[in-house]
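Chain and residue survey
This is what each chain is made of:
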Amino acid sequence: MRVAVYVILLLAVIERDEAKHQIVNRHNGGRGAHSASHKPRKFSYMKITDNMKEKFVKAHNLARAAVDPPAADMVALEWDDKVAKMSRKFVRKCKFAHSSSSEREMKGYDYPLGENLFVGMSIAKSHTDPTFVVEKWDEEKMFYDFNTVSCIPGKMCGHYTQVVWSDSRKVGCAIGRCPSVDVRGSTKNRYDILVACHYAPNGNFRGEKPYKLGEFCSNCPIDKPTCSDNLCS
């Protein structure tokens with residue numbers, strides 16, 4: 001139920017942004033707008049270039065370095081191609097719904113990988129921009145109460161807590177171009193972009209805070225003793 005609420009609320013945010021995008025297009029004489037017929041006829045992966053990998057990692061680490069209250073043990077995330085394979089496997093489904101724990105199991109880890117999702121439309125170029133996607137997840141921090149370890153009622157914050165989960169050290173992401181993304185059991189919609197990021201180790205353990213409270217880098221893990229830009233490395 002909690003995941004379903006996250007999905008519904010995230011869709012509301014995306015639809016709001018798309019409305020803004022359409023208004024801008026109208027003001028620009030329709031430049032940059034595309035009809036539904038421009039949706040891809042078959043699935044394809046968007047190539048994740050080295051620059052895009054860097055943008056995914058940088059956006060995550062900027063969010064992690066700016067947590068409030070401060071984190072004593074926040075580790076800098078690094079890109080992992082093996083983790084990204086899990087994301088590629090997921091977006092291939094063209095379904096905007098979190099995968100099961102068993103589907104996120106990965107050799108070498110005791111727990112399933114963590115997972116964040118974003119659904120978008122190809123008519124909005126920002127929806128395939130790594131920085132934009134991660135910032136959308138990070139915006140949920142306004143709805144998270146660190147003291148009660150919960151979201152504000154009626155709001156979502158699970159994407160944010162995974163972004164800033166201090167124990168997560170590896171991230172990998174993928175972007176799929178779909179004929180149509182299955183959203184809440186229906187493909188009759190405008191969504192044709194699906195973005196997924198996976199995390200190792202995973203976060204979002206029920207009842208646990210995403211990081212230890214304290215002065216930045218004051219309690220770094222033994223194998224990450226160096227502090228750089230508020231992050232342990």
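Quick summary incoming for the structure in this document. None of these values were measured; they are calculated from a predicted model.

**Thoughts on the pattern of salt bridges**
The final tally for this structure, using the stated rule, is nine salt bridges. For Glu 78, the salt bridge is made with Lys 170, and the minimal N-O distance between the two is 2.9 Å. One end of the pair, Glu 78, is in strand β2 (residues 78-79); the other, Lys 170, is in strand β6 (residues 170-177), and 92 residues separate them in sequence. With a shortest N-O distance of 2.5 Å, Arg 169 and Asp 223 are connected by a salt bridge. One end of the pair, Arg 169, is in the loop between α5 (158-163) and β6; the other, Asp 223, is in the loop between β7 (193-200) and β8 (227-228), with 54 residues separating them in the sequence. Among the residues examined, Asp 223 registers a relative accessible area of 48% and is labelled partly exposed. A single salt-bridge network, built from bridges that share partners, covers Asp 50, Lys 53 and Asp 81.

**Focus on the state of the cysteines**
One pass over the full model with this rule turns up five disulfides. In this model, Cys 94 is linked to Cys 178 through a disulfide, with the two sulfur atoms separated by 2.2 Å. Between Cys 94 and Cys 178, the S-S dihedral sits near -95°, and the bridge is therefore left-handed. Here Cys 94 is found in the loop between α3 (81-91) and β3 (114-120), whereas its partner Cys 178 is found in the loop between β6 and β7, with 84 residues between them in sequence.

**Details of helix α4 (residues 130-138)**
Most of α4 sits inside the fold, with seven of its nine residues counted as buried. Within α4, burial applies to Pro 130, Phe 132, Val 133, Val 134, Lys 136, Trp 137 and Asp 138.

**Details of the side chain of Thr 128**
With respect to the helices, strands and loops of the structure, Thr 128 is situated in the loop between β3 and α4. A relative accessible area of 15% means that Thr 128 is categorised as buried. Other than its neighbours up to four places away in sequence, Thr 128 contacts Met 46, Met 52, Ile 175 and Ile 193.

**Things to note about the packing of helix α2 (residues 50-65) against α4**
Two numbers describe how α2 lies on α4: the axes approach to 8 Å, and their chain directions differ by 25°. By the angle class used here, α2 and α4 are roughly parallel. You can see that α2 and α4 cross each other, and the crossing is right-handed. Between α2 and α4, the residues in contact are Met 52, Lys 55, Phe 56, Ala 59, His 60 and Ala 63 and Pro 130, Thr 131, Val 134, Trp 137 and Asp 138, respectively. The residue inventory of the contact of α2 with α4, partitioned by class, reads seven nonpolar, two polar and two charged.

**Quick word on the environment of Ser 101**
Tracing the chain through its elements places Ser 101 in the loop between α3 and β3. A residue is classified by how much of its surface remains accessible, and Ser 101, at 42% relative accessible area, is partly exposed. Sequence separation of Ser 101 and Gly 114 is 13 residues, and the distance between their C-alpha atoms is 9.1 Å.

About the thresholds
Residues numbered from 1 in each chain as written. Predicted model: local features only at pLDDT ≥ 70, side-chain atom pairs only at ≥ 80, totals over all residues. Heavy atoms only, no water. Salt bridge = Lys/Arg side-chain N within 4 Å of Asp/Glu carboxyl O. Helix = DSSP H or I, 4+ residues; strand = E, 2+ residues; numbered from the N terminus. Buried < 20%, exposed > 50% of the residue type's maximum accessible area, 1.4 Å probe, protein only. Disulfide = S-S within 2.5 Å. Contact = heavy atoms within 4.5 Å. Axes fitted to C-alpha atoms, helices over the stretch in contact; angles between N-to-C directions. Parallel < 35°, antiparallel > 145°, perpendicular 65-115°, else oblique. Left-handed = near helix turned anticlockwise from the far one by under 90°. Nonpolar A, V, L, I, M, F, W, Y, C, P; charged D, E, K, R; others polar.

Bear in mind that shape data such as this cannot, by itself, settle questions of function.
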